[in-house]
Amino acid sequence: MTTQKIQVERTYSAAPEKIWELWTTGAGIEAWWAPEGFTVHVDALDLSVGGTLTYTMTATGPEQVAFMEKAGLPLSSTSHKTFTEVEPTRRLAYSTLADFIPGVEPYEFLTEVELRPAADGGTHVTMTADAMHDEEWTGRLAAGRTNEMDNLAKVVAS
């Protein structure tokens with residue numbers, strides 16, 4: 001396992017309370033969490049330290065379905081996250097169980113999200129995540145998280 005990190009930063013034109021709501025409620029997560037060509041359904045959410053978020057992500061776009069099939073990955077996978085820090089409107093951290101990768105023993109990796117008020121009344125968000133088990137999967141994680149943060153911007157703008 002590596003101690004490298006990936007980091008994605010964005011500033012959104014919404015107050016920290018709104019960004020927090022989108023990040024910590026079932027409806028909010030379902031609105032933006034999935035990368036393009038996927039959907040997310042929140043199965044369970046307990047927003048407390050030690051609480052969990054369980055959701056199912058499903059490939060729905062033709063390119064994504066084809067990629068998943070070619071890679072030997074299921075079209076739907078259930079993800080399990082355990083909250084390690086919950087500071088409303090400021091900080092959220094969670095470990096993700098990576099138990100969906102064929103041929104790789106399950107392991108956990110950490111994601112930390114910091115929300116800071118921006119001078120214009122918006123919110124600056126910094127998401128930092130542990131690298132995954134190899135460069136290919138770390139690249140997928142970085143691309144997915146970047147796409148998710150872009151999706152969040154679209155939801156905030158609508």
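Residues numbered from 1 in each chain as written. Predicted model: local features only at pLDDT ≥ 70, side-chain atom pairs only at ≥ 80, totals over all residues. Heavy atoms only, no water.

Novice: Could you give an account of the overall build of the chain, with specific residues and numbers?
Specialist: Scanning the chain from terminus to terminus reveals four helices and seven strands. The secondary structure elements of the chain, listed N-terminal to C-terminal, are β-α-α-β-β-α-β-β-β-β-α. Projected onto its principal axes, the C-alpha positions of the chain cover 45 × 30 × 30 Å. Taking all 158 residues of the chain together, the buried fraction comes to 44%. In the chain, once contacts between residues fewer than 6 apart in sequence are set aside, the share between residues at least 24 apart is 52%. Looking at the chain as shown, the accessible area adds up to about 8000 Å², and 53% of this sits on carbon and sulfur atoms. Here the chain carries 11 positive and 23 negative side-chain charges, and the mean point of each set is 4 Å from the other. (Helix = DSSP H or I, 4+ residues; strand = E, 2+ residues; numbered from the N terminus. Buried < 20%, exposed > 50% of the residue type's maximum accessible area, 1.4 Å probe, protein only. Contact = heavy atoms within 4.5 Å. Areas by Shrake-Rupley, 256 points an atom, 1.4 Å probe, with all protein chains shown as cover. Lys, Arg positive; Asp, Glu negative; His and termini not counted. Charge placed at Lys NZ, Arg CZ, Asp CG, Glu CD.)

Novice: Give me the lowdown on the packing of aromatic side chains, citing residues and values where you can.
Specialist: If you walk through the whole model with that rule in mind, you get seven aromatic pairs. Aromatic rings pair up to connect Trp-23, Trp-32, Trp-33, Tyr-55, Phe-83 and Tyr-94 into one cluster. Taking the ring centre of Trp-137 as reference, the NZ or CZ of Arg-140 above it sits at 4.4 Å. (Phe/Tyr/Trp six-rings, centres within 6.5 Å; stacked < 30°, edge-to-face > 60°. Lys NZ or Arg CZ within 6 Å of the ring centre and 35° of its normal.)

Novice: Break down the layout of surface pockets for me, citing the residues and quoting the values.
Specialist: For the largest pocket, the calculated volume is near 750 Å³. Forming the boundary of the largest pocket are 29 residues, of which Pro-35, Phe-38, Met-57, Trp-137 and Arg-140 lie nearest the centre. For the lining of the largest pocket, the elements supplying multiple residues, two or more each, are β3 (52–59), α3 (62–70), β4 (76–87) and α4 (135–157). Residue composition of the lining of the largest pocket, by class: 16 nonpolar, eight polar and five charged. (1 Å grid on protein atoms, 1.4 Å probe; cavity = no way out; pocket = protein on both sides within 12 Å on 5 of 7 lines; lining within 4 Å. Points joined across faces, edges and corners; volume = space filled by probe spheres on them. Nonpolar A, V, L, I, M, F, W, Y, C, P; charged D, E, K, R; others polar.)

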